[in-house]
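# Working through the structure, step by step
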There are 2 protein chains.
Amino acid sequence: MTLETLSTNRSHGGTQGVYRHKSATTGTDMSFAIFVPDNPEGAKLPVLWYLSGLTCTHANVMEKGEYRAACAQHGVIFVAPDTSPRGEGVPDDPDGAWDFGLGAGFYVDATAEPWAANYRMRSYVEDELPSLILRDFPAADMTRQGISGHSMGGHGALTVALRTPDRFRSVSAFAPIVAPMHCPWGEKALSNYLGEDREAWAAYDACALIAGGARLPDLLVDQGEADSFLEEQLKTHLLAEACEKAGQKATIRMQPGYDHSYYFISTFMAEHVGWHAERLKA
Amino acid sequence: MTLETLSTNRSHGGTQGVYRHKSATTGTDMSFAIFVPDNPEGAKLPVLWYLSGLTCTHANVMEKGEYRAACAQHGVIFVAPDTSPRGEGVPDDPDGAWDFGLGAGFYVDATAEPWAANYRMRSYVEDELPSLILRDFPAADMTRQGISGHSMGGHGALTVALRTPDRFRSVSAFAPIVAPMHCPWGEKALSNYLGEDREAWAAYDACALIAGGARLPDLLVDQGEADSFLEEQLKTHLLAEACEKAGQKATIRMQPGYDHSYYFISTFMAEHVGWHAERLKA
């Protein structure tokens, strides 16, 4: 569980680092990115988790997410895990598709073969990585955590938070998959990782979790209206309806003209970081 | 000279576009990136040019430069050209080195063979591309232009501005090559593109131009102290000395801990955009 430093760069009055470690959870090496604002007085800083979307590694948001200025301003640590196990022996989509397997762990603990041994991103994100961050980044204050994510990672943020109600003070998402039980990306992933018993899928479906009584502390969602995945895969309206029906507090904003890319994410990133910081520092 | 649209993405309340055109100057297709803030009242917006460094295309700053929020806030158009001609038949470094040839045009008009036919980035940046921007982006106001750049592009920004004293109201640079006549990158590029007559090189050396009487309207430079190219290639102190000796107004800031990467550039980008905007809108 020793951390290997892959890179550190001074940026925006803090340090952007990339680290690798052997994961007991996935049985592979795992890499993650973490931005730590300067903290000369040694105060414990709150942590904002960011889960990335299909095909991404830790690097996409690190390079294109434009979060560092806001995190430095608010004194928030930003952690970006990878999206799947990787490496020799890790099975991938048999057809090499980009929406399943490598880069597409969907933040589940797989129970079906051949995925069960490595594809355990739920436990990795919920248990192993938080322990590591707490151990090796002394500024981290794990009583003040927020979580966000994009697309598949928005699904991850919502479902991790809904299943661990005491862990997060704030939850947000950019263009999340809100109901994987009812979209092609989700049906492919959940049927492969978990098998055909749809009851087992519900723990990984934000709308189903909300309907089942799970709640979020607060929720901010931005969704581009020009997002080409909106209608078939993301289905933002299902989340709005589930929140409405359950009395779940939520701010869900449709953004005219914006697509699914980091040009969209980076536009609203500083606002999300500020929104989290307000709740994390309250 | 028709522009072909390669992509447009809504971002930060404006449009990030990438366009391609046949260049009469370089004899090749050329691509560039341009961010145009929303401009509902149709006012003419000032233009900030950004010249990129070795190995870059228009895409590096577009993805990692974090300029859009500041440009939208200040109402400034941001143009990022490519760093060399590219395509079939364009000669490259015979050894495939990354510091010469493709991605390394050094913003000169080559006079030596086999470079002279295509490597005309000086004329491209000074004449052809500004005409295109003025023609196809009606918001552009070419009486209010600023210029910046990074490393080789910082050299480009300084020398283009020093040779065209009435064109720019503001000049800045991130980690510029300030004296290519006196560093390995510059000596290799200038001797190949221009031949061995060092007198011809002086038009492409910021320190030589300043010593020869050329002046900038104003100058802001940021340079990381942990930049691994500082001592051998960039030699910031030569620019400070040249400005001091010539009475050239300049703010040259050494930034502790920062390296040569976009983690450094993005940290100070918003401040540079604001600094340019103040002068462009005065």
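Values in this document were obtained by computation on a predicted structure and should not be read as measured data.

Rules used in this analysis
Residues numbered from 1 in each chain as written. Chains lettered and ligands numbered in written order. Predicted model: local features only at pLDDT ≥ 70, side-chain atom pairs only at ≥ 80, totals over all residues. Heavy atoms only, no water. 1 Å grid on protein atoms, 1.4 Å probe; cavity = no way out; pocket = protein on both sides within 12 Å on 5 of 7 lines; lining within 4 Å. Points joined across faces, edges and corners; volume = space filled by probe spheres on them. Helix = DSSP H or I, 4+ residues; strand = E, 2+ residues; numbered from the N terminus. Nonpolar A, V, L, I, M, F, W, Y, C, P; charged D, E, K, R; others polar. Contact = heavy atoms within 4.5 Å. Buried area = accessible area lost by both parts, 1.4 Å probe. Salt bridge = Lys/Arg side-chain N within 4 Å of Asp/Glu carboxyl O. Polar contact = N/O pair within 3.5 Å; in protein donor to acceptor, adjacent residues only side chain to side chain. Buried < 20%, exposed > 50% of the residue type's maximum accessible area, 1.4 Å probe, protein only. Pairing = 2+ DSSP bridges. Axes fitted to C-alpha atoms, helices over the stretch in contact; angles between N-to-C directions.

### Examining the layout of surface pockets
Of the pockets and cavities examined, the largest pocket occupies roughly 400 Å³. Along its surface, the largest pocket is lined by 22 residues, and Cys-56, His-150, His-260, Ser-261 and Tyr-262 of chain A are the ones closest to its centre. Those elements that place two or more of their residues in the lining of the largest pocket are helix H1 (59-64) and helix H9 (262-280) of chain A together with helix H1 (59-64) of chain B. Ranked by residues supplied to the lining of the largest pocket, first place goes to H9 of chain A with three residues. Looking at the lining of the largest pocket, its residues break down into eight nonpolar, 10 polar and four charged. Quantified by volume, the second largest pocket comes out at close to 290 Å³.

### Comments concerning the interface of chain A and chain B
Taken residue by residue, the interface counts 20 residues in chain A and 20 residues in chain B. Roughly 1,800 Å² of surface becomes buried between chain A and chain B when both sides are summed, with 45% attributable to carbon and sulfur atoms. It is Arg-10, Glu-66 and Tyr-263 of chain A that lose the most area in chain A upon contact with chain B, and together they represent 39% of the buried surface on that side. Counting across the interface, chain A meets chain B through two salt bridges. With a shortest N-O distance of 3.7 Å, Arg-68 of chain B and Glu-66 of chain A are connected by a salt bridge. Remark: the boundary between chain A and chain B carries 14 residue pairs in polar contact (both at pLDDT 80 or more). If you list the elements that add at least two residues to the side of chain A that touches chain B, you get strand E1 (4-11), H1 and H9 of chain A. For the side of chain A that touches chain B, the leading source of residues is H9 of chain A, giving four residues. Residues belonging to the side of chain A that touches chain B are distributed by class as follows: five nonpolar, nine polar and six charged.

### As for helix H5 (residues 184-194) of chain A
One full turn of an α-helix is made of 3.6 residues, so residues set three or four places apart face in the same direction. Residues and elements named next belong to chain A. Of the residues making up H5, those classed as buried are Trp-185, Gly-186, Ala-189, Leu-190, Ser-191, Tyr-193 and Leu-194. Tucked into the core, H5 has its buried residues touching helix H7 (230-234). Positive phi appears at Gly-195, one or two residues downstream of H5, with a value of about 90°.

### Structural notes on the environment of Thr-26 of chain A
All names here are of chain A. Inspection of the secondary structure puts Thr-26 in the loop between strand E2 (14-22) and strand E3 (29-37). The class of Thr-26 is buried, set by a relative accessible area of 0%. Between the C-alpha atoms of Thr-26 and Glu-41, which are 15 residues apart in sequence, the distance is 36 Å. Engagement of the side chain of Thr-26 in a polar contact is seen with the side chain of Thr-28, the distance being 2.7 Å.

### Focus: the sheet that holds strand E1 (residues 4-11) of chain B
Residue and element names in this part refer to chain B. Spatially, nine strands are ordered E1-E2-E3-E5-E4-E6-E7-E8-E9 in an open sheet, and the strand pairing comes out mixed. At either margin of the open sheet sits one strand with a lone partner, and together these are E1 and strand E9 (251-255). In this sheet, adjacent strand axes meet at a mean angle of 20° when their direction is disregarded. Pairing geometry for strand E3 (residues 29-37) and strand E5 (residues 77-81), over four bridges, is antiparallel. Pairing of Ala-33 across the sheet is with Ala-80, part of E5. Each of strand E2 (14-22), E3, strand E4 (45-51), E5 and strand E6 (140-149) is contacted by helix H3 (residues 121-136), which is oriented at about 50° to E3, the strand it contacts most. Contacts between helix H9 (residues 262-280) and the sheet are confined to E4, E5, E6, strand E7 (168-174), strand E8 (219-224) and E9, with E7 contributing the most and set at about 170° to the helix.

### Describing the pairing of strand E4 (residues 45-51) of chain A
All names here are of chain A. Of all seven residues that make up E4, seven are buried, and the element is covered over most of its length. The pairing of E4 with strand E6 (residues 140-149) spans six bridges and is classified as parallel. Paired with Trp-49 across the strands is Ile-147, a residue of E6. As paired strands, E4 and strand E5 (residues 77-81) are joined by three bridges and run parallel to one another. In the sheet register, Val-47 faces E5, and the bridge partner there is Ile-77.

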